[in-house]
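Each chain is listed here by its residues.
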Amino acid sequence: DGVSVAYRKMSVRVPAVSIYNGDFFGKQLRIGLELVALGVDSGYVKEDVPIDRFVDPLGDDPVPAVVATRLLEIYNKTFAPVRSLPQLGPAMIVGFTLPVEFNRSYVAAAASGPTTKTSAQLVGVSPRGLIAGLTIPFDSAVRINRQSGVDSETLSGVALLARSPADVPQIVAAVKAMGFGVDDQEQRLAENVGAAVTIITTALALLSLLIC
């Protein structure tokens, strides 16, 4: 009750790396990265990325990826200045492509399945993006997990959109009653919103009483 829509989430359950060596917006860049990827339903980021861009390619084409707004801010404010790299805006990075190898890691053991070599193409920036990695289409995460020989059925989480802020506290309570947890960051936001609604409602009720 109180939920208008639910968006599925599935983590890519194998490690991933990217080795980039080439032009980076006018600068030469050589860097190796450990990556984390999370698959989400397209509706989850539809306010920031056109749905037709956020679709699993099902072949050798690059996997569309969204980066977090906060991650871009961290790059611009801390990473780029000390390395003399260019400042980037959300529109600039659309179309940028980097190679990715799933089920490979520099620091941890990979799963027993094969390595999937592909690429990721950035299609937008969203505050709902995974801050520590790439947000990709849900079907892409399922496909990569299946190709890697790991669990491709179990969801990692579900994002619930409340019909109104007033519904948030009862949704959180219902989720916990079913034995599930609430993401810490989202829980704090939900509780703050719920508390704000309660305070405002109480204040308005007191004001109405005084007027009467």
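Preceding this paragraph is the structure being described.
These notes cover the structure that comes with them. Every chain is numbered independently, its residues counted from 1 as its sequence is written. With the structure being a predicted model, the display of local features is reserved for residues of pLDDT at least 70 and the display and counting of side-chain atom pairs for 80 or more, all residues being used for whole-chain, interface and lining totals. Hydrogen atoms and water are omitted, and side-chain values are computed over all heavy atoms in the structure.

## Section: the overall build of the protein chain
We count a stretch as a helix when DSSP gives it H or I for four or more residues in a row; a strand needs E for two or more, and each element gets its number in order from the N terminus. A tally of regular secondary structure across the protein chain gives five helices and nine strands. Element order for the protein chain, N to C, with α for helix and β for strand: β-β-β-β-β-α-α-β-β-β-α-β-α-α. Along the three orthogonal principal directions, the C-alpha set of the protein chain runs to about 70 × 40 × 35 Å. Out of the 212 residues in the protein chain, the part that is buried amounts to 37%. We call a residue buried when its accessible area falls under 20% of the maximum for its residue type, exposed when it is over 50%, and partly exposed in between, using a 1.4 Å probe and counting protein chains only.

## Observations concerning the nonpolar core
By size, the foremost hydrophobic cluster in this structure holds 31 residues, and its most contacted members are Val 12, Phe 24, Val 100, Phe 102, Leu 122, Leu 134 and Ile 136. Looking at this core, the elements that each hand over two or more residues are strand S2 (16-24), strand S3 (27-35), strand S5 (63-68), helix H1 (69-79), strand S6 (97-102), strand S7 (116-126), strand S8 (134-137) and helix H3 (138-148). Examining the composition of this core, we find that four residues originate from one element, H3, more than from any other. Whether two residues touch is decided by their heavy atoms; if any such pair falls within 4.5 Å, the residues are in contact. Setting aside anything within four residues of it in sequence, one finds Phe 24 in contact with Leu 29, Tyr 75, Leu 85, Pro 86, Leu 88 and Phe 96. What is meant by a nonpolar core is a set of buried Ala, Val, Leu, Ile, Met, Phe, Trp, Tyr and Cys residues, joined one to another through side-chain atoms within 4.5 Å.

## With respect to helix H4 (residues 168-177)
Of all the positions in H4, only Val 168, Ile 171, Val 172 and Val 175 are classed as buried. Angularly, the buried residues of H4 cover 100 degrees about the axis, an arc narrow enough to put them on a single face. Positive backbone phi, at 90 degrees, marks Gly 179, one or two positions downstream of H4. Arc, as used here, means the arc of the directions from the helix axis to the C-beta atoms.

## Structural notes on the environment of Ile 211
Along the polypeptide, Ile 211 turns up in helix H5 (residues 184-211). Classification of Ile 211 as exposed rests on a relative accessible area of 65%. A C-alpha to C-alpha distance of 63 Å links Ile 211 and Leu 98, two positions 113 residues apart in sequence.

## A closer look at the environment of Val 168
Tracing the sequence through the fold places Val 168 in helix H4. Along the backbone, Val 168 and Ile 211 are 43 residues apart, and their C-alpha atoms lie at a distance of 29 Å.

## Some words on the packing of aromatic side chains
Each aromatic pair joins two rings of Phe, Tyr and Trp (for Trp, the six-membered one) with centres within 6.5 Å, and gets the label stacked for planes under 30 degrees apart, edge-to-face for over 60, and tilted for any other angle. By the definition in use, this model includes seven aromatic pairs. Centre to centre, the rings of Phe 24 and Phe 25 are 5.0 Å apart; their planes meet at 85 degrees, and the pair counts as edge-to-face. Judged by relative accessible area, which is 29%, Phe 25 ranks as partly exposed. Seen from their ring centres, Phe 24 and Tyr 75 are 6.2 Å apart, and the 75 degrees between their planes marks the pair as edge-to-face. Taken as a pair, Phe 24 in strand S2 and Tyr 75 in helix H1 lie far apart in primary sequence, 51 residues in all. On the basis of relative accessible area, Tyr 75 is assigned to the buried category, the value being 13%. Three or more aromatic residues link up through ring pairs in this structure, and these residues are Tyr 20, Phe 24, Phe 25, Tyr 75, Phe 79 and Phe 96.

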